[in-house]
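So you can see what is in the structure, the chains are spelled out below.
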Amino acid sequence: MMAQEMIVYETYNGSVFLPDGKFSNADVVCSEKILDVTERAGCDIRTDIQQENGADTDCGSVLDVSGKYVIPGLVDIHSHGAVNADASDGDAEGLRKMSRYYAQKGVTSWCPTTMTLSEEQLLTAMHAIRDFTSDGANCVGVHLEGPFVSYEKRGAQNAAYLQKPNIEELKKLNDASGGQVRMITIAPEEDENNAFIREASQICTVSLGHSVADYEQAKVAFEAGATHVTHMFNGMNGLHHRKPGIIGAAFDAGATVELICDGFHIDPSVIRMTAALFGDKLNLISDSMRCAGMPEGEYSLGGQPVWMKAGKATLADGTLAGSSIHLMDAVRNVVRFGVPLEQAIRAATMTPAESIGLAQEIGCIRRGARADLLILDKELNLENVIIGGQIWQ
């Protein structure tokens, strides 16, 4: 690694969110990757680096973050779109706009999330994602939300393109994406004998969602290889004391789960309850669509018209569609709702990275991980975004 590429961040009593899920006074040294994380009590890292690498080493920048939080860049594993662009459009310029928008909001890694569409549309989207070079937040893989979901709980998914789970179709889409499919959402009751889940779980994370599965069906699906739940409570039967469904099965299986925390999809009391029940298995997601970062008006999701008013996005019949938030909004919301700050940060960084198999690379502040960092003030306002060791402008 060239010395002139080195950028040094010294916290000077700042609070760094470490892999143990707690804040600590520490210094972070990074170039493209994190080189060192040390509790140094405010000593001068620059002197140490020059002693180790030579007196003429260019140590780059030192950020004084006294009184600030230093956290990993946020990881959004479920985001359809923003700024009037959508991951399903198959448009390189739209992906670039989304990547830049997310970076501005503190999301440094994201999974473009597609909808239930025709094979032709999905292949076009996969090709665009395969060829895309990130210009801001890094694309870390595809989340296929459908087309293998249930009619009854389809939500904003287009019923015309629903299919039974088909491993050959998944392989075709994965190949078209350049092997970038990280997650697929399916309804397990549509998967005969869980044959699809057993094979698909060798390719990517299998998530249960948009499903009417009961507890037993979900339990067997988790035993077959599913490990995740897509936007829990939405697109599935609720938690009933005699019919626990997917939610109860997820708890028993130790699955990771997603929550949309925009203030519309889930009541704050249920968010607090879920956080207490699922602990470090909780993922915050945006489930954002093209209206995110845009004014009120008419938009689309999966080929269906969507109206956004006062931040709430719905289909014509009033069905909730995606959200208009970004992931930093979700973090602030759940903290305001009463979820502990440390859990909220973990749920937007470490756990989503773990959910898609990238725990050592992103979503954490540890030696060897990508140097994606956020500097926040004590009110959780975003002050600096650092992507790959460079301050994002």
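Residues numbered from 1 in each chain as written. Predicted model: local features only at pLDDT ≥ 70, side-chain atom pairs only at ≥ 80, totals over all residues. Heavy atoms only, no water.

Asker: Please provide a residue-by-residue account of the packing of helix α6 (residues 215-224) against helix α7 (residues 245-253), values included.
Answerer: Their axes nearest at 8 Å, the elements α6 and α7 cross at an angle of 40°. Crossing of α6 over α7 shows right-handed handedness. Only Gly245, Ile246, Gly248, Ala249, Ala250, Asp252 and Ala253 of α7 make contact with α6, whose side of the interface consists of Tyr215, Ala218, Lys219 and Phe222. For the contact of α6 with α7, the residue count by class is 7 nonpolar, 2 polar and 2 charged. (Axes fitted to C-alpha atoms, helices over the stretch in contact; angles between N-to-C directions. Helix = DSSP H or I, 4+ residues; strand = E, 2+ residues; numbered from the N terminus. Left-handed = near helix turned anticlockwise from the far one by under 90°. Contact = heavy atoms within 4.5 Å. Nonpolar A, V, L, I, M, F, W, Y, C, P; charged D, E, K, R; others polar.)

Asker: Summarise the side chain of threonine 108; cite the residues concerned and give the values.
Answerer: Within the secondary structure, threonine 108 is located in strand β10 (residues 107-114). The buried category is assigned to threonine 108, whose relative accessible area is 0%. When sequence neighbours within four positions are dropped, the list of residues in contact with threonine 108 reads Gly73, Leu74, Ala137, Asn138, Arg370, Asp372, Leu374, Val385, Ile386 and Ile387. (Buried < 20%, exposed > 50% of the residue type's maximum accessible area, 1.4 Å probe, protein only.)

Asker: An account of the sheet that holds strand β21 (residues 373-376) is requested, with residue identities and associated values reported.
Answerer: Strand order across the open sheet formed by 6 strands is β3-β2-β6-β21-β22-β23, with mixed pairing between neighbours. With one partner strand each, in any of the chains shown, β3 (23-25) and β23 (390-391) form the two edges of the open sheet. Both strand β2 (residues 15-17) and β3 contribute to a ladder of 3 bridges, which runs antiparallel. Counted as the bridge partner of serine 15 is asparagine 25 from β3. (Pairing = 2+ DSSP bridges.)

Asker: How would you summarise helix α3 (residues 119-131) if you had to cite specific residues and measurements?
Answerer: The terminal C-alpha atoms of α3, which comprises 13 residues, lie 18 Å apart, in line with the 18 Å expected from a rise of 1.5 Å per residue. Regarding α3, the residues found buried are Leu122, Leu123, Ala125, Met126, Ala128 and Ile129. Taken together, the buried residues of α3 touch α2 (92-104), β10, β11 (138-139), β12 (142-145) and α4 (167-176). (Expected span 1.5 Å × (residues − 1).)

Asker: Give me a nonpolar patch on the surface: which residues, what numbers.
Answerer: Together, Leu239, Phe251, Met273 and Leu277 give the surface a local cluster of nonpolar side chains, amounting to about 360 Å² of exposed area. Its place among the elements puts phenylalanine 251 in helix α7. (Patch = residues over 30% accessible without salt bridge, like charges linked within 9 Å, V, L, I, M, F, W, Y side chains within 5 Å. Areas by Shrake-Rupley, 256 points an atom, 1.4 Å probe, with all protein chains shown as cover. Salt bridge = Lys/Arg side-chain N within 4 Å of Asp/Glu carboxyl O.)

Asker: Can you explain the sheet that holds strand β20 (residues 312-314)? Please cite residues and give values.
Answerer: Strand order in this open sheet of 3 strands is β18-β19-β20, and the pairing throughout is antiparallel. A strand with exactly one partner marks an edge of an open sheet, and here the two such strands are β18 (297-301) and β20. Within this sheet the neighbouring strands show an average axis-to-axis angle of 35°, counted without direction. In the sheet, strand β19 (residues 304-309) pairs with β20 via 3 bridges, with the strands oriented antiparallel. Paired with lysine 309 across the bridge in β20 is lysine 312.

Any link to function would need more than the numbers given here.
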